[in-house]
Amino acid sequence: MPFTAADCERCRRDFPSLARTLDGVPLAFLDGPAGTQVPNAVIEAIAGYYRTSNANTHGHFPTTRETDRLLQETRETAAAFLGAADWRSVSFGQNMTTLTYALSYALAREMKSGDEIVITQLEHEANRGPWLNLEERGIVVREAAIGPDGRLDAGDLARQISGRTRLVAFNMASNSLGTVSDAALARLLSREAGARLLLDAVHYAAHFPLDVAALDTDFLLCSAYKFYGPHVGILYSRPGLLETLQPDRLRTQDQEAPYRIETGTLNHAALAGVKAAVEYIASWGTGSSLRERIVSAMREISTYEHDLGSFYFENVQSIPGVAAHGPDFSGPRAPTVSITVDGVPPDEVAKALSDKVLQVWSGHFYGLRPLEALGLMERGGVVRAGIVMYNTRGEVERLLEGVAEVARR
Ligand SMILES: Cc1ncc(COP(=O)(O)O)c(C=O)c1O
């Protein structure tokens, strides 16, 4: 069943912050790519944990046992979200960046000087910094180029990957341009080279169903705060792989996967929220299993978001002086649209839109590299609007009017 405008209106009632107004005007939350709003079910799950069960793990009394059970259920729920058959593949951390650093130290222990890591020009800094850090150990980081439309140059990706490549760390969807890249190609090329594949699915996971089994990836990372949950990072590792690595860890912690890379105490209350966020998404789907409901919901919401994103992309470009960047909406694309307005710096555009109670981001949002590659940083970056399940056509029309007004100045 399609996710319709009426469903969107219905879902908005689940998100208390969407009721906020400023001087009588509803706040338009078009800042989803930097983190979405959260529904009541997530807020209640977090508060409920603090109300009843706040404890540490692996003890011998009721609240610690409840916490163990909660973490286990959250892993199973996250595994369903990822398409992972085994909950032991799912590790949690503070955010994607922190987990990627931890993983990079572990992977570096198996690499030697001259080994190569291939990334792309679409990477968020979180999928660059941890790998570039390893250059001080003699590891070479290569970068596949993008074209002027913000699409990855597949030929260049193939050229960068060689027998020296040990890891391909690959962005599935760009948080600054909305580009969706071909993870199957990255898998094919990395496999041919005998290299591991790590997928940055932080932006992708907010808009498309994930299927780690079909992607056949070694690692995948995403962050629950991009899909209606709290600030928790999620790492998928291929079954059996984490045990072969030596992540930094304490001798007192669980040594097996998925705990092996989880240092210190996790944010248990937030993990209650992660479970609730995935269940919330699933509540919009159909099917007999949680996985089926997640996938069907994500597919339908994705179509809704794509249509609205496409409507904005097409119309904003017809405003004189406005350019929209990144690929068009003829194929798979995240509903995240970045624009520039001739003669008006992005921060000024965002401030003017904020005066109209339209919340959008300006600058580079750590998705700096693609904007550098397209020469957009020389003008201060871009103005980014992101569509998620609770955004309406009315909000996008307000945004178009706001942008037109700024462009007329
Ligand atoms: C594509 C992409 N990768 C990585 C990250 C970093 O995620 P986190 O904030 O969980 O470290 C972000 C955050 O915006 C992102 O959009």
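Not measured: the values here are computed from a predicted model.

Calculation notes
Residues numbered from 1 in each chain as written. Predicted model: local features only at pLDDT ≥ 70, side-chain atom pairs only at ≥ 80, totals over all residues. Heavy atoms only, no water. Pairing = 2+ DSSP bridges. Helix = DSSP H or I, 4+ residues; strand = E, 2+ residues; numbered from the N terminus. Axes fitted to C-alpha atoms, helices over the stretch in contact; angles between N-to-C directions. Contact = heavy atoms within 4.5 Å. Buried < 20%, exposed > 50% of the residue type's maximum accessible area, 1.4 Å probe, protein only. Right-handed = clockwise from strand over helix to strand, strands pointing away. Salt bridge = Lys/Arg side-chain N within 4 Å of Asp/Glu carboxyl O.

J.: Whenever I open this one, the sheet that holds strand 14 (residues 361-363) confuses me. Can you help?
T.: Hydrogen bonding along the main chain pairs the strands of a sheet, whether they run parallel or antiparallel. Reading across the sheet, the four strands line up as 11-12-15-14 and stay open at both edges, with antiparallel pairing between neighbours. A strand with exactly one partner marks an edge of an open sheet, and here the two such strands are strand 11 (322-325) and strand 14. Put simply, the sheet's adjacent strands are angled 30 degrees from each other on average, direction ignored. Where helix 10 (residues 290-317) meets the sheet, its contacts fall on strand 11, strand 12 (336-341) and strand 15 (382-386), and the angle it forms with strand 11 comes to roughly 145 degrees. Together, strand 12, strand 14 and strand 15 form the strand contacts of helix 11 (residues 346-355), whose direction differs from that of strand 14 by roughly 165 degrees.

J.: Got a minute to help me understand the pairing of strand 8 (residues 196-200) in this structure?
T.: In regular strands, side chains alternate between the two faces of the sheet. In terms of burial, strand 8 is largely enclosed, as four of its five residues are buried. Sheet topology places strand 7 (residues 165-171) next to strand 8; five bridges connect them, and they run parallel. Each bridged residue has a counterpart across the sheet, and for Asn171 the counterpart in strand 8 is Asp200. With respect to chirality, the unit in which strand 7 leads through helix 7 (residues 183-193) into the neighbouring parallel strand 8 is right-handed.

J.: Would you take a moment to explain the pattern of salt bridges for this structure?
T.: Tallied over the entire structure, the rule returns 28 salt bridges. For Arg166, the salt bridge goes to Asp115, with nearest N and O atoms at 2.7 Å. Of the two residues, Arg166 sits in strand 7 while Asp115 sits in the loop between helix 4 (96-108) and strand 5 (116-120), which places them 51 residues apart along the sequence. According to the relative accessible area criterion, Asp115 is buried, its value standing at 5%. A salt bridge links Arg187 to Asp218; the shortest N-O distance between them is 3.1 Å. Highlighted residues: Arg187 in helix 7 and Asp218 in the loop between helix 8 (212-215) and strand 9 (219-223), separated in sequence by 31 residues. The exposure class of Arg187 is buried, given its relative accessible area of 7%. Among the charged side chains, a salt-bridge network with shared partners connects Glu125, Arg128, Glu143, Arg369 and Glu372.

Geometry only, nothing functional implied.
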